[in-house]
Amino acid sequence: MAAQIIDGKAISQQVKDEVALEVAKLKEQGVTPGLAVILVGEDPASNVYVTNKERTAKELGMHSVLHRLPADSSQADVEALVDQLNADPAIHGILVQSPLPKGLDEETIFRRVLPYKDVDGFHPENVGKLWLGDNALVACTPAGCMVLLEKMGVDLKGKKAVVVGRSNIVGKPMAALLLAKHATVTVCHSRTADLPAVCREADVLVAAVGRLQMIKGDWVKPGAVVIDVGINPVPGTKSKIRGDVDFDSAAEVAGAITPVPGGVGPMTIAMLMSNTVKACKMQMK
Ligand code: NDP
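This is a predicted model, so every value here is computed, not measured. (Residues numbered from 1 in each chain as written. Predicted model: local features only at pLDDT ≥ 70, side-chain atom pairs only at ≥ 80, totals over all residues. Heavy atoms only, no water.)

Caption draft 1: How the structure looks around the site of the ligand. In the region of the ligand, 22 residues are neighbours, and R166, S167, S190, I231 and T268 sit closest. Within the contact set of the ligand, a nitrogen atom lies 3.4 Å away from a backbone nitrogen or oxygen of H189. The separation between a nitrogen atom of the ligand and a polar side-chain atom of R211 is 3.2 Å. Protein coverage of the free-state accessible area of the ligand, which is 920 Å², stands at 71%. Partitioning the shell around the ligand into residue classes produces nine nonpolar, 10 polar and three charged. (Near = heavy atom within 4 Å. Polar contact = N/O pair within 3.5 Å; in protein donor to acceptor, adjacent residues only side chain to side chain. Areas by Shrake-Rupley, 256 points an atom, 1.4 Å probe, with all protein chains shown as cover. Nonpolar A, V, L, I, M, F, W, Y, C, P; charged D, E, K, R; others polar.)

Laid out in structure tokens, this is it:
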């Protein structure tokens, strides 16, 4: 194997340590950053995610509340809870766990969270600010990918970056962040012609597709940095997950690569914590 492994677990721990220090400083000033997570229904994966988020926030010294609503909650019920948290001065960040049960209008609920409490970075105001280069709350997963690149000392200026995937939560904000760091960015999707050839051009290749091990080693430019956002269950296993990149073949060619698990995944929750502190500081101003 040629590639350096990018250790998301270790780097996410660094981020969390930095957040814990910030929290301690804010507490000295009499302010405890507060995170509220809303879970509607009982989706098992979502349940694990929200429990982790609540626990991590508490571990870092924050005020953390988990609101569980029944699966048959109405749109008005969820919106009323968002309104209540919007008005609560002890809460600086609000996260509504996706996916919401069928029948609820996710977009409307996400947009109801006040932009300065929107620690998921999904509100149009934050998305707009990100593209304008203003100070914004940025979606946690792409923000985490940027921290990985930064901590690995990757200088993006003038580099060719290829993002595979154009979702609102990963691909598009990732492209905006890479562009802001002066990379030359190409965003690919399901209609991109000759995707392997486009990927082969990349100095930095970000995969956010949701297709198990789709990106093969011979799609990777020798020496490239590969960031694999994908979380895909491996068929025939109980709980094994792998990324969008075929790790074994890509690691033969890449200069550095994130593993799955243990790469981007742990960064997402760390960035949620970081966003909550950022939101708290923004609200103090
Ligand atoms: P979406 O399904 O919303 O988007 C997938 C994107 O990939 C779309 O833009 C789609 O194109 C594109 N795509 C699909 N198939 C192909 C193909 N064959 N060739 C080229 N492009 C293709 O997914 P998300 O962005 O939400 O998530 C992507 C992956 O990242 C998933 O595995 C998800 O589980 C994981 N994830 C991981 C997180 C983490 O914390 N590590 C957080 C969030 C997501 P088109 O737009 O044309 O349909």
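Caption draft 2: Highlighting the pattern of salt bridges. One pass over the full model with this rule turns up 11 salt bridges. One network of salt bridges, in which partners are shared, links E22, K25 and K281. (Salt bridge = Lys/Arg side-chain N within 4 Å of Asp/Glu carboxyl O.)

Caption draft 3: A look at the sheet that holds strand β3 (residues 63-69). The parallel open sheet is built from three strands, whose spatial order is β3-β2-β4. Because the sheet does not close on itself, it has two edges, and the strands there are β3 and β4 (93-96). Adjacent strand axes in the sheet meet at a mean angle of 15° when their direction is disregarded. For strand β2 (residues 34-40) and β3, the ladder comprises seven bridges, and the chain directions are parallel. Of the residues in β3, the one forming a bridge with V40 is L69. Packing of helix α3 (residues 75-86) onto the sheet brings it into contact with β2, β3 and β4, and relative to β2 it is tilted by some 175°. (Pairing = 2+ DSSP bridges. Helix = DSSP H or I, 4+ residues; strand = E, 2+ residues; numbered from the N terminus. Axes fitted to C-alpha atoms, helices over the stretch in contact; angles between N-to-C directions. Contact = heavy atoms within 4.5 Å.)

Caption draft 4: Highlighting the sheet that holds strand β7 (residues 204-207). Taken together, six strands build an open sheet; the order of strands is β1-β11-β8-β7-β5-β6 and the sheet is parallel. Two strands close off the open sheet at either side, each with one partner strand: β1 (4-5) and β6 (184-188). Summarising the sheet, strand β5 (residues 160-164) and β6 pair through five bridges and their orientation is parallel. The residue of β6 that forms the bridge with V162 is T186. Most of the contacts of helix α7 (residues 171-180) go to β5, to which it runs at about 170°, and overall it touches β5, β6 and β7.

Caption draft 5: Quick peek at the environment of D17. Note on placement: D17 falls in helix α1 (residues 8-28). For D17 and V164, which are 147 residues apart along the polypeptide, the C-alpha to C-alpha distance reads 31 Å.

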